[in-house]
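Remarks on the overall topology
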Amino acid sequence: MKNRFIKTIEENGIEALSLIIAVAIWQIVADRIVQNKFLLPSFYDVVNSFTIIVESGLIYTDTLTSLVHFSIGIIAAFTIGIPLGIAMGWFRKANRAIDPIIEILRPIPPLAWIPFAIVWFGLTRQAAGFVVFVGMVFPIIINTYTGFKNVPKVYVEAAKVLGCTRDLDLIRYIAIPSAMPSIAAGIRIAMGVGWMCLVAAEMFGVSDNGLGYQIWHNYYLHRMDFVLVYMLLLGFVGLLIDRFFRYYVDAKLLRWTAGTVV
Amino acid sequence: MGRVSIKNVSRIFIKKEENGVTEALHDVSFDVEDGEFICILGPSGCGKTTLLRIIAGLETQTSGEITLNGVPITGPDPKRGMVFQQYSLFPWRTVIDNVTFGLEMQGISKAEARQQAEKYIDLVGLEQFKNSYPYELSGGMQQRAAIARALANEPEVLLMDEPFGALDAQTRNILQDELLKIWEQKHITCIFVTHSVDEAVVLSDRILVMTARPGRIKEIVTVDLPRPRCRTSPEANRLRDRVLKLLEEERFKK
């Protein structure tokens, strides 16, 4: 037992120490040098504010709201982005038809869609979800497309001589599994972009709760310690989502790539 | 039963950019008997792989006809199994799932397909590795698994495109012997593309020597050596010498 404890410390000692020192410096700088809770809340202030929102239960409703917005966006981006990417990657004509539209829409920053999101959906969860969707859908389309373009020809030919000749079967049994690493990478990039869009959408008043909304709301109230709590919370939730996704994908979907260098 | 008949097959490639025309195959005709082992040998770029791909149905001839048991070939079909030069196992499937792939495509239930696949995995000696992913296997093992995968569909013809080309010399010799054993056991027609004279002499009943591009049949050499063959016997050497001379003529013709 003791051995294991020592081992853990030895293994993660540098990382833990670095974090502790960073927090300590933050506390000292805020408490002794800046001495202004508005300019730089200290670690202690942040912990205090954190306990307040945990006790009031606000943390749960806001996190949940943000996750709902995020889920709406991600589900919409999946159901539209992946089939579009597949169609473009597999059928040359589909690519020629869809590509110009995408190339025109893609450079528009997702946040520029906020006014239309509000006009179309009102101040609803769907409006926030729509902005997340716009941020997520392009990386997903493009990575799905790239993955499909890079399916090695020999796999397709091997499948054909084994009796798998219909487009639908080739897509399902060969192209999708072969493109999975690229699709998964696209989803990871998209989740990062989507998370940013989520905060911006909530800040712009698309919704009246959520983690992003709370940042703006508390800024109006000049409660910067709360702003910082919600900032950190956004970081942690984003990190958790990414870790969870990576774990799931690496363990379940991409076990076969274990030998390749990524 | 697998009789392949190739009649006056030509193949012309048209390059779009340069308005160029390349004739890869010119009026190729020959017959492969049921259960025969044929090697197609020729200088690189002579169209031997193209010919094999046309037989597989992965490419189409510009003119001429190819039939299997009298039926014209129009596209890929599991009756004609193929082993590729590059490693072609699906990396996202384990060895056994690769071997069952063709059976699943035929609509055979997963349990039954597995049972059948195991026979072929045993045949190529990969029992211990049936649940491994391709990246965990050596090159020789991957090609063995690819052979098992092609055989599991019980094809009438086995097409092989330099399957041992990427392997080291010793592994190649071992796999040649194993392939012959399987061929004798299964009485399957084999069409084997190679650029190695040694390989052709060890394996085949007849060697189809092709000319440089455009590929035509230069000569069909009958290998009349009893099996199992000794790689270094004087008869094998004489034959090798003869085939090498044929190939050399092609080299200096240009």
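Conventions adopted
Residues numbered from 1 in each chain as written. Chains lettered and ligands numbered in written order. Predicted model: local features only at pLDDT ≥ 70, side-chain atom pairs only at ≥ 80, totals over all residues. Domains from an automatic or database assignment. Contact = placed C-beta atoms within 7 Å. Nonpolar A, V, L, I, M, F, W, Y, C, P; charged D, E, K, R; others polar. Pairing = 2+ DSSP bridges. Helix = DSSP H or I, 4+ residues; strand = E, 2+ residues; numbered from the N terminus. Axes fitted to C-alpha atoms, helices over the stretch in contact; angles between N-to-C directions. Buried ≥ 20, exposed ≤ 12 C-beta atoms within 10 Å, placed from the backbone.

**Quick notes on the domain arrangement of chain A**
All names here are of chain A. We note that the domain assignment places domain 1 (1-35) and domain 2 (41-254) within chain A. Here the C-alpha centre of domain 2 lies 33 Å away from the C-alpha centre of domain 1. Residue-level contacts link 5 residues of domain 1 with 4 residues of domain 2. Residue composition of the side of domain 1 that touches domain 2, grouped by class: 3 nonpolar, 1 polar and 1 charged.

**Points about the sheet that holds strand 9 (residues 206-210) of chain B**
All names here are of chain B. Strands sit in the order 6-7-8-3-9-10 across an open sheet of 6 strands; the sheet is mixed. Strands with a single pairing partner mark the edges of an open sheet, and in this sheet they are strand 6 (80-83) and strand 10 (217-222). Ignoring which end each strand starts from, the neighbouring axes of this sheet average 20° apart. Judged from the 5 bridges that link them, strand 7 (residues 157-161) and strand 8 (residues 189-194) form a sheet pairing that is parallel. The residue bridging L159 from the neighbouring strand is I191, located in strand 8.

**Things to note about helix 1 (residues 48-56) of chain B**
Residues and elements named next belong to chain B. In terms of burial, helix 1 is largely enclosed, as 9 of its 9 residues are buried. Regarding helix 1, the residues found buried are K48, T49, T50, L51, L52, R53, I54, I55 and A56. The first or second residue beyond helix 1 is G57, which carries a positive phi of 95°.

**Let's talk about the environment of A:A30**
All names here are of chain A. Relative to the helices and strands, A30 resides in helix 1 (residues 2-34). With 21 C-beta atoms packed within 10 Å, A30 lands in the buried category. Sequence separation of A30 and Y44 is 14 residues, and the distance between their C-alpha atoms is 9.6 Å. Apart from the residues lying within four places of it in its own chain, the contact partners of A30 are L40, P41 and S42.

**Observations concerning the interface of chain B and chain A**
Opposite the 22 residues of chain B that make contact, chain A presents 16 residues. Listing elements by their share of the side of chain B that touches chain A, those giving two or more residues are strand 6 and helix 2 (95-105) of chain B. Of the residues assigned to the side of chain B that touches chain A, the class counts are 13 nonpolar, 7 polar and 2 charged.

**Some thoughts on unusual backbone geometry**
Residues and elements named next belong to chain B. At the junction of R213 and P214, the peptide bond is cis and its omega measures out at -5° in the coordinates. The topology assignment puts P214 in the loop between strand 9 and strand 10. The omega angle of the peptide bond from R227 to P228 is -5°, so this bond is cis rather than trans. With respect to the secondary-structure elements, P228 resides in the loop between strand 10 and helix 7 (234-253). The backbone phi angle of E154 is positive, close to 50°, even though this residue is not glycine. Within the fold, E154 resides in the loop between helix 4 (139-152) and strand 7. One non-glycine residue, H187, lies in the positive phi region at around 50°. Note on H187: 10 C-beta atoms within 10 Å, which makes it exposed.

**What about the pairing of strand 9 of chain B?**
The side chains of a regular strand alternate between the sheet's two faces. Residues and elements named next belong to chain B. In terms of burial, strand 9 is a largely internal element, 4 of the 5 residues being buried. In terms of strand pairing, strand 3 (residues 37-41) meets strand 9 through 4 bridges, oriented parallel. Counted as the bridge partner of I38 is R206 from strand 9. Bridge count for strand 9 against strand 10 is 5 bridges, and the pairing is antiparallel. By the bridge assignment, R206 is partnered in strand 10 with T222. Counting the residues between successive antiparallel strands, the hairpin from strand 9 to strand 10 contains 6 residues.

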